[in-house]
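# Descriptive analysis of the structure
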Amino acid sequence: MNFDTALPLLVVASSLLPGLVIFFLREDSHRLRTLLNLAGAGVKVVLVGVMIWGVFHQHSYQTSWSLAPGLELVLHADTLSVLFVSLSTVLWLVTTVYAIGYLEKSPHRSRFFGFFSLCVSATIGLALAGNLFTFVIFYELLTLATYPLVAHRGTPEALRGARIYLAYTLGGGALLLVGAVWLQVIAGPTAFIEGGVLSQLPAEYHGQLKVIFLLLMIGLGVKAALVPLHGWLPQAMVAPAPVSALLHAVAVVKAGAFGIVRVVYDVYGVNFTSELGLLAGLGIAAAITIVYGSMKALSQDNLKKRLAYSTVSQVSYIALGTAILGPVGTIGGIVHLVHQGIMKITLFFAAGNYAETLGIHKVSEMNGVGQRMPATTLAFSIAALGMIGIPPVAGFISKWYLGLGAIEAGVAGWVMPVLIISSLLNAAYFLPVLYRAWFCQPGPAWPAEHIPAARYETAGALLWPPVVTAGLALAAGLFAAAPYSPLEWADLIARREYGL
Amino acid sequence: MAETLIWLVAVPLAGAVAALLLPRQSTPIVSVTAVAASLVAGTLLYAVSEQGRLSYEIGGWSAGLGISLRADGLSALLLMMTALVALATSVYAAAYFNKAADRARFWPLWLLLWTSLNALLLSGDLFNLYVTLELLGLSAVALASLGGKTAAVQAALRYLLVGLLGSMMFLAGVSLIYAGYGTLDLSTLAGVVAAEPVAWTALALMTAGLLLKTALFPLHFWLPPAHASAPAPVSAVLSALVVKAAFYLVLRLWLDVFADLVTPAAANVLGILGAGAIIWGSWRALRTERLKVLAAYSTVAQLGYLFLFFPLLQALPPGPARDSAVGGLVILALTHGFAKAGLFLAIGIIQQRCGHDNIRELDGTAQRLPATTFAIALGGVALIGLPPSGAFLGKWQLIAASFATGQWLWILVTIAGSLLAAAYVFRVLGHAFGHQPYPQRPVTMAREEWPALILTAMAVLGLGLAGAPVWDLMEIGA
């Protein structure tokens, strides 16, 4: 085994091994646990850096291991996987810092950080999966690793949220499994190959392929929270803030969206999907989800719930971009995978800070919070403006490319209204929050002030992560044309997918 | 290398006799025996994978007069699983039975059970199979009654009667075969049986007896009380190994010896009973209030999956697809063996620590014993069939074979059973979260928690990630 075949495995192992060790640590060995967490995250950043460079230069990194005849566990780095791996790696590092600040005095830390690392390892494995079989394995592992995180607090609501989460995701996982097995029976082991592989199958299979596509999309749509499969997401926000942040930005929801991208581009092939008439259905589901999620977000007073419905809506931009045939739409969808991640994680970090510092859980309690916590609120504002699509924040780039792609593909007639309505709704549920935070006078006292203002407005480990990610969201928009930016990378993916 | 076959029977038997004669030294005797027997099983697995199938005639007498032992890939795998499960359970039992008198009563029977399992898996003719089956049943009943309470004795008595009835039916079938064909040797028999009434009747009788012993729905009624009231280490081997021994015989008869007689309709009957077992067993497991009963009903359900393979194997032509399915069947059986043994051991720890195994009142216990709870979680993952457990690979093959043969019903049953299993497993695991006091270290009772953890990890990680050799070994037929 040389470096090229070991690298994908090492990238997964750099979070998996610390996680396994952490399970067996004493509850009070705070330093060792922090060291392991940060060392794992640091090593992963370095390894992923090497991987980005190599993939850009057409280097092949692949680990494979036979589990049974015809069932190979394959970890493979291509442009798309590297994009998702980089996002997960950077946000994991930031979220780990945040989680240490957020949780280090609460019970069951070894269990929490152990599963936290497993959750990231599953996400990375899913990103690097080289075939559908491997993807299914990590997709299910992600479900398993996330359940204890959602249930972590052990309150009746937490257990209920976790149960609902599990019911949805295991049900979806079962359909995904059936679809994947069926596909393997008629097409053999389905490796992810740029441009897809199924178009070579004879026409008599096309009927079956349509049913399989439906099974796979329902299975993936549960995690991606496509309406009407989104019911678990608002319930799962009972989880601790770092978990919600990771769940909404990287791990679970993104895994579903990433799977949709994978299946459309690298299993079916986008042109073949379009020939089968399946893209339109996906586009309609995405459009409904985008509008529905935003409408629901409008009426939520609970801040985390409002953000959760916003996720339902925003993640479907990725599916929408996938459903728009043509490289520009593809760029818009794929780049939003990254942009939505860094913006949404900022919002959840900020929401967590309000709750931890001042006991604020509701939008109606946020009057004047910008005066008390300016840095957090600034980060929140940048991310919220980005979600609406205001330049120069990253979200603008995504929407620009989606719109342009729709015009190029000749589907502007229905995509443009969706984009416009959704942006207006985004503004309608985010701007009042910003107005309250900056321009309203605070009440006589905060609901429950846990952390007094000292050198910073809150604990340092809680403050820096949203500031850093807000900076990233701004940078991804401002320097969108710089080499190795998310946009440039999405452009590279689109060129390789369409063979341009 | 063929001598390893006789050692597999001789070592545990000698240990049993020694433990009976020297009760004070029985624990060290068992330690040595268990390690030695496991090493022999490992050697045999290696020898079979290197040299193909092995056989040994005791005393040099050939079949017909003497006793001959034989091992192929399937029996070597099951012998290995028996050894690992029995070894881990022995370590556990030494701590579980904390009175010397209890241990002295337990060990000889325990090694006798191990001996009869090994002998059964190595036997190549129907009469020896009958004898070993009877021996296995009797030692299992004796062990199950060790619980000492009225319920345990009642359940054990019922277990005894059912076991005897099963053996009688098996014996009746064996006599018919001997009357009809004049031989009981399995490989000779495979060449001479023809599709005629005597063979059908014999197969039907033997199968019925074995189905009773392997507790296939609706003949499972005796299993939950027997497995749920026995001491934890006994429940572990009853569920993991003893019912598997009867299943192993069904497999041998239907796939090897009487393969030409089996009609699709007959295979379908087994499949439908298996489907009934999955749904009914899982449902009862979901509705019960006690952990041990849950585990016992889950055994009923898990055995059902194994029977779903019969109609599939009947429909698949010989070739790679059928070989994959056979491997899937075996890995499912092995995974269940490890997972269920570990699960029963973990439940035993909970029962000892708080004196009950009531699911509703688990909160404090589940949090005081993180390692035990983790073992239950790992076992649960294998029971549901989620990756990376071996059961996931098995279910993948099961679903693939169903698609390949167009038998869609089994897919629905498999998925429904898996979701029900998820429901009963996570109903238990929900109690692991909360604000009860919990220890600084995850492992608090090393000698009992490690065996449970290792067995369940074997089911999830060992077979799931390193299970590919199972398919290679299954190519080595009898």
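Cut-offs used in this document
Residues numbered from 1 in each chain as written. Chains lettered and ligands numbered in written order. Predicted model: local features only at pLDDT ≥ 70, side-chain atom pairs only at ≥ 80, totals over all residues. Helix = DSSP H or I, 4+ residues; strand = E, 2+ residues; numbered from the N terminus. Rg over C-alpha atoms; globule rule 2.2 N^0.38 Å. Buried ≥ 20, exposed ≤ 12 C-beta atoms within 10 Å, placed from the backbone. Expected span 1.5 Å × (residues − 1). Bend = angle between axes of the 7 residues up to and from the residue. Contact = placed C-beta atoms within 7 Å. Axes fitted to C-alpha atoms, helices over the stretch in contact; angles between N-to-C directions. Parallel < 35°, antiparallel > 145°, perpendicular 65-115°, else oblique. Nonpolar A, V, L, I, M, F, W, Y, C, P; charged D, E, K, R; others polar. pLDDT = per-residue confidence, 0-100.

Glancing now at the overall build of chain A. Of the regular secondary structure elements, chain A holds 20 helices and 2 strands. For chain A, whose C-alpha radius of gyration is 21 Å, the value lies close to the compact-globule estimate of 23 Å for 500 residues. If one aligns the C-alpha atoms of chain A with their principal axes, the spans along those axes are about 70 × 55 × 45 Å. When burial is assessed residue by residue, chain A has 61% of its 500 residues classed as buried.

For the rest of this paragraph, the subject is helix H18 (residues 412-439) of chain A. All names here are of chain A. Along its 28 residues, H18 runs 38 Å from first to last C-alpha, staying within 8% of the 40 Å computed at 1.5 Å per residue. Bending of H18 peaks at approximately 25 degrees at the position of Phe430, with proline Pro432 no more than four residues after it. Residues Val415, Val418, Leu419, Ser422, Leu425, Asn426, Tyr429, Phe430, Val433 and Ala437 constitute the buried set of H18. If you follow the buried residues of H18, they end up packed against helix H12 (279-298), helix H13 (303-323), helix H15 (369-372), helix H16 (374-388) and helix H17 (394-409).

Residue Pro228 of chain A is bonded to the preceding Val227 of chain A through a cis peptide linkage, with omega at 5 degrees. If you trace the backbone, Pro228 of chain A turns up in the loop between helix H7 (206-224) and helix H8 (232-235). The step from Phe217 of chain B to Pro218 of chain B runs through a cis peptide bond, and the omega angle for that step is 0 degrees. Note on placement: Pro218 of chain B falls in the loop between helix H8 (197-214) and helix H9 (223-229). Non-glycine residue Ala215 of chain B carries a positive phi angle of around 60 degrees. Positionally, Ala215 of chain B belongs in the loop between H8 and H9.

Further remarks concern the packing of helix H5 (residues 132-150) of chain A against helix H6 (residues 156-187) of chain A. Residues and elements named next belong to chain A. Put simply, H5 and H6 touch, their axes get as near as 10 Å, and they point 175 degrees apart. The angle between H5 and H6 falls in the class roughly antiparallel. Across from Leu132, Phe133, Val136, Tyr139, Glu140, Thr143, Tyr147 and Val150 in H5, the residues of H6 making contact are Ala158, Gly161, Ala162, Tyr165, Leu166, Thr169, Leu170, Gly173, Leu176, Leu177, Ala180 and Leu183. Taken together, the residues that form the contact of H5 with H6 break down as 15 nonpolar, 4 polar and 1 charged.

What follows deals with the confidence of the model for chain B. In the predicted model, chain B carries a mean pLDDT of 92, and the fraction of residues at 70 or more is 98%. This prediction of the complex comes with two scores: 0.95 for pTM and 0.93 for ipTM.

This brings us to the interface of chain B and chain A. Across the contact, 31 residues belong to chain B and 30 residues belong to chain A. When residues of the side of chain B that touches chain A are traced back to their parent elements, those giving at least two are helix H13 (320-354), helix H16 (390-405), helix H17 (409-429) and helix H19 (468-474) of chain B. Broken down by class, the residue content of the side of chain B that touches chain A amounts to 22 nonpolar, 8 polar and 1 charged.

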